[in-house]
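# Survey of secondary and tertiary structure
So the chains spell out like this:
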Amino acid sequence: MGLLPDEAKGLPPPGIVNRNSVWFGIMGWCTAMFQNALNRRPPMKSGVHRQALLISIGWFLGYHLTKYESYTYAKLDRDMQQYISQHPSDFQEKEKPTFSDVLEDFHPIR
Amino acid sequence: MPLQRLLLQTASVSKSVVRSAFTARKPDNANPNWLRVGLAFGSSAALWALLLKQHGEDVAEYNRRSGLE
C-alpha cells in the first residue's frame, strides 16, 4: 500500500468484486466502446484487447480505491468514538418517559 | 522597415528543412497490429496477476493480525 499507513492492513480487505472495481471496470469498458464509436468501428465487437485492458485498469484502480475508502471511514469512526468517550458530558442520554408515565386515567363519559 | 520585418511571422520561420517523424496512415482495421494487441492483453494479464497477488497478501495479513491480536 503506497498511500496507506501500516495500520490499514489490520482492516478486512475488500473482495475482488467490489463496488468501486465494478464501476470503474464498467467505465473503462464504456471508454473503449466510446473510442470505437468515435473511430467508426463496431463498438462492442472491435478492439477487444482495448476493452480488456481498460476494464483491467479500472478494476485495479477500483480495488485500491475501496481499500483507501475503508481506511478513511474506519479512521473517522475511530476518531469519533474516541471523542465521544473523552467528552461524556456532551453525549448524555436523556431520560425518556415511558408510556405509563404519560398516560392519564381513562374516565369514560357515556 | 527592418523593424517591421521582425514583427512578420515569416521572420521566425526556419530557413532549414525540417521533417516530422510522424507519417499519416489510413486506419487499417483488417490487419490488426499484433504487437499492440499482445501488449494490451499482456498488460491486462499482468494487472490481474498483480491484483490477485495483492488481494491474497491483504487477506493473509488481515488473518494474521486478527488471529493473534
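See above for the structure.
A brief look at the structure comes next. Since this is a predicted model, take the numbers as computed values, not measurements. (Residues numbered from 1 in each chain as written. Chains lettered and ligands numbered in written order. Predicted model: local features only at pLDDT ≥ 70, side-chain atom pairs only at ≥ 80, totals over all residues. Heavy atoms only, no water.)

## Observations concerning the packing of helix α1 (residues 19-38) of chain A against helix α2 (residues 48-86) of chain A
Residue and element names in this part refer to chain A. Our working rule: In this description, a line fitted to the C-alpha atoms serves as the axis of each element, helices being fitted only across the stretch in contact, and the angle between N-to-C directions of two axes falls anywhere from 0 to 180 degrees. Counting from the N terminus, the helices are DSSP H or I runs at least four residues long and the strands are E runs at least two residues long. For classification purposes, an angle smaller than 35 degrees is called roughly parallel, one larger than 145 roughly antiparallel, one from 65 to 115 roughly perpendicular, and anything else oblique. Crossing handedness: left-handed means the near helix sits turned counterclockwise from the far one by under a right angle, and right-handed means the same turn made clockwise. Note on residue classes: Ala, Val, Leu, Ile, Met, Phe, Trp, Tyr, Cys and Pro are nonpolar, Asp, Glu, Lys and Arg are charged, and everything else, Gly too, is polar.
Contact geometry of α1 with α2 gives a least axis separation of 7 Å together with a crossing angle of 150 degrees. Considering their axes alone, α1 and α2 lie roughly antiparallel with respect to each other. Helix-helix and strand crossings are classified by hand; for α1 and α2 the assignment is right-handed. Here the residues of the contact of α1 with α2 are counted per class, giving 11 nonpolar, 11 polar and three charged.

## Overview of the nonpolar core
Stated precisely, the cut-off is as follows: By nonpolar core is meant a set of buried Ala, Val, Leu, Ile, Met, Phe, Trp, Tyr and Cys residues that side-chain atoms within 4.5 Å join together. Each residue gets one of three labels from its accessible area relative to the maximum for its type: buried under 20%, exposed over 50%, partly exposed in between, using a 1.4 Å probe on protein chains only. The contact rule is simple, with two residues in contact once any of their heavy atoms fall within 4.5 Å.
Counting five residues, the largest nonpolar core is built from A:W59, A:F60, A:Y63, B:L47 and B:L51. When residues of this core are traced back to their parent elements, those giving at least two are α2 of chain A together with α2 (34-68) of chain B. A per-element tally of this core places α2(A) first, with three residues. Ignoring any residue separated from it by four or fewer positions in sequence, one finds B:L51 in contact with A:I16, A:W59, A:F60 and A:Y63.

## Describing α2(A)
Along an α-helix, residues three or four positions apart point the same way, because every turn accommodates 3.6 residues. Spelled out, the test is: For a helix, the expected span equals 1.5 Å multiplied by the residue count minus one.
Between its terminal C-alpha atoms α2(A) stretches 57 Å, which fits the 57 Å expected from 39 residues at 1.5 Å a residue. By the burial criterion, the buried members of α2(A) are A:H49, A:Q51, A:S56, A:G58, A:W59, A:F60, A:G62, A:Y63, A:T66, A:K67 and A:Y71. Tucked inside the fold, the buried residues of α2(A) contact α1 of chain A together with α2 of chain B.

## Observations concerning the environment of A:P12
Assignment of secondary structure puts A:P12 in the segment before α1. Through-space distance from the C-alpha of A:P12 to that of A:K67 is 9.0 Å; in sequence the pair is 55 residues apart.

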